[in-house]
Amino acid sequence: MSFLGFGRPQPTSAEKIAAVENELKVVAEMHSRMIKVCTAKCIDRTYREGELSKGEAVCLDRCSAKFFEAHQTISEQLQKEGAARGFGGPGA
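Here's a quick rundown of the structure. Nothing here was measured: the structure is a model prediction, and the numbers come from that model.

The next thing to look at is the state of the cysteines. Disulfide: a covalent bond formed between the sulfur atoms of two cysteine residues. Scanning the model with the defined rule gives two disulfides in all. Disulfide partner of C42: C59, at an S-S distance of 2.0 Å. Classification of the bridge connecting C42 and C59 rests on its S-S torsion, roughly -65°, and on that basis the disulfide is left-handed. Taken as a pair, C42 in helix 1 (residues 13-42) and C59 in helix 2 (residues 54-84) lie far apart in primary sequence, 17 residues in all. Residue C42 is classed as buried on the basis of its relative accessible area of 9%. Disulfide connectivity for the chain, with bonded cysteines indexed by sequence position, reads 1-4, 2-3.

Put into structure tokens, the structure is as follows:
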């Protein structure tokens, strides 16, 4: 409960756990999408060698970095919009 009844009530332990579980779900989904997209883009489907070539490794590194950067940018923008609408966020 908030101090003297002003402001928003504080989240309960169950709500905090649900928020963490939701965040883990989002990260797992992002990881799965990144693997699918970057593998399709960077890995030769003929699998000529047991190890990644240098080109494939560099492509995967760049693809995953760009994917993560885009995810971060979008997440930050959504948090700003949510805060502007009064939904709060991790710091609220």
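This paragraph deals with helix 1. Between its terminal C-alpha atoms helix 1 stretches 43 Å, which fits the 44 Å expected from 30 residues at 1.5 Å a residue. Buried residues of helix 1: M30, M34, C38 and C42, and no others. In this structure, the buried side of helix 1 is in contact with helix 2.

For helix 2, built from 31 residues, the straight-helix expectation of 45 Å at 1.5 Å per residue is met to within 8% by its first-to-last C-alpha distance of 45 Å. Buried residues along helix 2 sit against helix 1. Directly beyond the C-terminal end of helix 2, a positive phi value near 90° is found at G86.

Reading the values: the criteria
- Residues numbered from 1 in each chain as written.
- Predicted model: local features only at pLDDT ≥ 70, side-chain atom pairs only at ≥ 80, totals over all residues.
- Heavy atoms only, no water.
- Disulfide = S-S within 2.5 Å.
- Helix = DSSP H or I, 4+ residues; strand = E, 2+ residues; numbered from the N terminus.
- Buried < 20%, exposed > 50% of the residue type's maximum accessible area, 1.4 Å probe, protein only.
- Expected span 1.5 Å × (residues − 1).
- Contact = heavy atoms within 4.5 Å.

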